[in-house]
Amino acid sequence: MFNSFKNLTEVILHFSTDKVCREFLEANRWNGTPTCPHCGCDKWYKLNDGKTYKCGNKECYKKYTVTVGTIYENTNIPLPKWFAAIYIITAHKKGISSIQLAKDLGVTQKSAWFMTHRIREMVGEKHPEALENTVEVDETYVGGKMKNKHKKVRAEAHANGVSHVDNKTGVMGYLERGAGVRLNVIDKTQSFKDMVKSNVALESIIITDSLNAYTGLAKDFKDHEVINHSEDEYVRGEWHTNTIEGFFSFLKRSIYGCYHNVSPKHLQRYCNENSYRYNTRELKDGQRFEITLSNLEGRLTYKNLISK
Ligand SMILES: [Zn+2]
């Protein structure tokens, strides 16, 4: 595709005009043949504005551009700013606040906020496949006071199920060793065991702490190794949940450091952003940017975002 961008300057120099960005999106999405997003027809007329197509199907005749159905649709934000935002958001290890992004790009904070959410939505897994092999499973709570307590105190409270209190939002994490991580905001209508079963293949080995909610997973999975944190046990040979816990503390630093207030409604998208960076950590920033740019699917309207 490209010779891999090495830094933000190269991205900005290359994608300097709306036209260049649009040509890139067209090549990427249509491979040379504009296709009507409404009916799938590949006969078209191009209008004089240089970007709008009119469908050649008499039954349809609708107008469209390459951004229909993508994160760029229906915004007045110029494409070069979108592309720069994608680079910045996916490359910054600890994320970036919309206030900072607004300053960096010269857009309003409202626009920057909207862009960050659409980009986070875009990097979420669209068709998640079951995780396999050895999977560390743990849950964490974002937004409460428990985070300031000592590890042992948290472990005891947690073993007793106390960590469910407060107005914290729970996040379930599954980390396949040597592969990647997935985070799901906890859906209170589902049991922890059901959540694990819908995300991890049954022939896997599960590692959790001793929370009661995980008891019984051994019946469903190849093996279930339990680490008893409340008894001060943290590692038993290769069995531990340190990788997922380490990821959680990174996630929390990123959320509290950049965003201060994350409403439960938006938390899944912050989780997407962080797990995406983790799962693409072997890639160079330029490669990650190009892969993200090629993922045109995924769309979130401003209405979805602001609705209660
Ligand atoms: Zn059409």
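Here, every reference points to the structure presented above.
Scope of this entry: the structure provided in the associated data block. (Residues numbered from 1 in each chain as written. Predicted model: local features only at pLDDT ≥ 70, side-chain atom pairs only at ≥ 80, totals over all residues.)

1. Structural notes on the pairing of strand E6 (residues 181-185)
Stated formally: Strands were regarded as paired on the criterion that DSSP finds at least two bridges between them. A run of DSSP states H or I qualifies as a helix once it reaches four residues; a run of E qualifies as a strand once it reaches two. Both are numbered from the N-terminal end.
Note that strand E5 (residues 169-176) and E6 share five bridges and pair antiparallel. Bridge pairing links Met172 to Asn184 in E6. The hairpin turn running from E5 into E6, its antiparallel successor, is four residues long, and Gly178 in that turn takes a positive phi close to 80°.

2. Structural notes on the nonpolar core
Selection criterion: One nonpolar core equals one set of buried Ala, Val, Leu, Ile, Met, Phe, Trp, Tyr and Cys residues connected by C-beta atoms within 7 Å. Whether a residue is buried, exposed or partly exposed follows from its count of other C-beta atoms within 10 Å of its own C-beta, namely 20 or more, 12 or fewer, or something in between, respectively; the C-beta atoms are built from the backbone.
Residues Val11, Trp82, Phe83, Ala85, Ile86, Tyr87 and Ile119 are the most contacted members of the largest nonpolar core, which totals 28 residues. It is helix H3 (residues 79-91) that contributes the most residues to this core, nine residues altogether. Of all hydrophobic cores here, the second largest spans 27 residues; its members include Tyr174, Leu175, Ile207 and Leu211.

3. Some remarks on the sheet that holds E6
Pairing between sheet strands relies on hydrogen bonds along the backbone, with the strands arranged either parallel or antiparallel. Quick reminder of the rule: With axes taken as lines fitted to C-alpha atoms, and helix axes fitted only over the stretch in contact, angles between N-to-C directions fall between 0 and 180 degrees. For the purpose of contact definition, each residue receives a C-beta atom placed from its backbone, and two residues are in contact when these atoms lie within 7 Å.
With respect to topology, five strands assemble into an open sheet ordered E6-E5-E4-E7-E8, the strand pairing being mixed. Only two strands of the sheet have a single partner each, and these edge strands are E6 and strand E8 (223-227). Averaged over all neighbouring strand pairs, the angle between strand axes comes to 25°, with direction disregarded. Along the sheet face, helix H7 (residues 192-199) touches strand E4 (134-142), E5, E6 and strand E7 (205-209) and points at about 40° away from the line of E5.

4. Details of the sheet that holds strand E3 (residues 63-64)
Within the open sheet, the three strands sit side by side as E1-E2-E3. Their pairing is antiparallel. One side of each edge strand has no neighbouring strand; the edge strands of this open sheet are strand E1 (44-46) and E3.

5. A word on the packing of H3 against helix H11 (residues 285-294)
In plain terms, the rule: Here is the rule for angles: anything less than 35 degrees is roughly parallel, anything more than 145 is roughly antiparallel, 65 through 115 is roughly perpendicular, and the remaining ranges are oblique. Helix crossings are classified by the rotation of the near helix relative to the far one: an anticlockwise turn of less than a right angle makes the crossing left-handed, while a clockwise turn makes it right-handed. Polar here means any residue outside two lists: the nonpolar Ala, Val, Leu, Ile, Met, Phe, Trp, Tyr, Cys and Pro, and the charged Asp, Glu, Lys and Arg; Gly therefore counts as polar.
Two numbers describe how H3 lies on H11: the axes approach to 9 Å, and their chain directions differ by 125°. The angle between H3 and H11 places the two elements in the oblique class. Helix-helix and strand crossings are classified by hand; for H3 and H11 the assignment is right-handed. Facing H3, whose interface residues are Phe83, Ile86, Tyr87, Thr90 and Ala91, H11 presents Asp285, Arg288, Phe289, Thr292 and Leu293. Taken together, the residues that form the contact of H3 with H11 break down as six nonpolar, two polar and two charged.

6. Considering the pairing of E7
Counting buried positions along E7 yields four of five residues, so the element is predominantly enclosed. As paired strands, E7 and E8 are joined by five bridges and run parallel to one another. Looking at the pairing, Ile206 lines up with His224 of E8.

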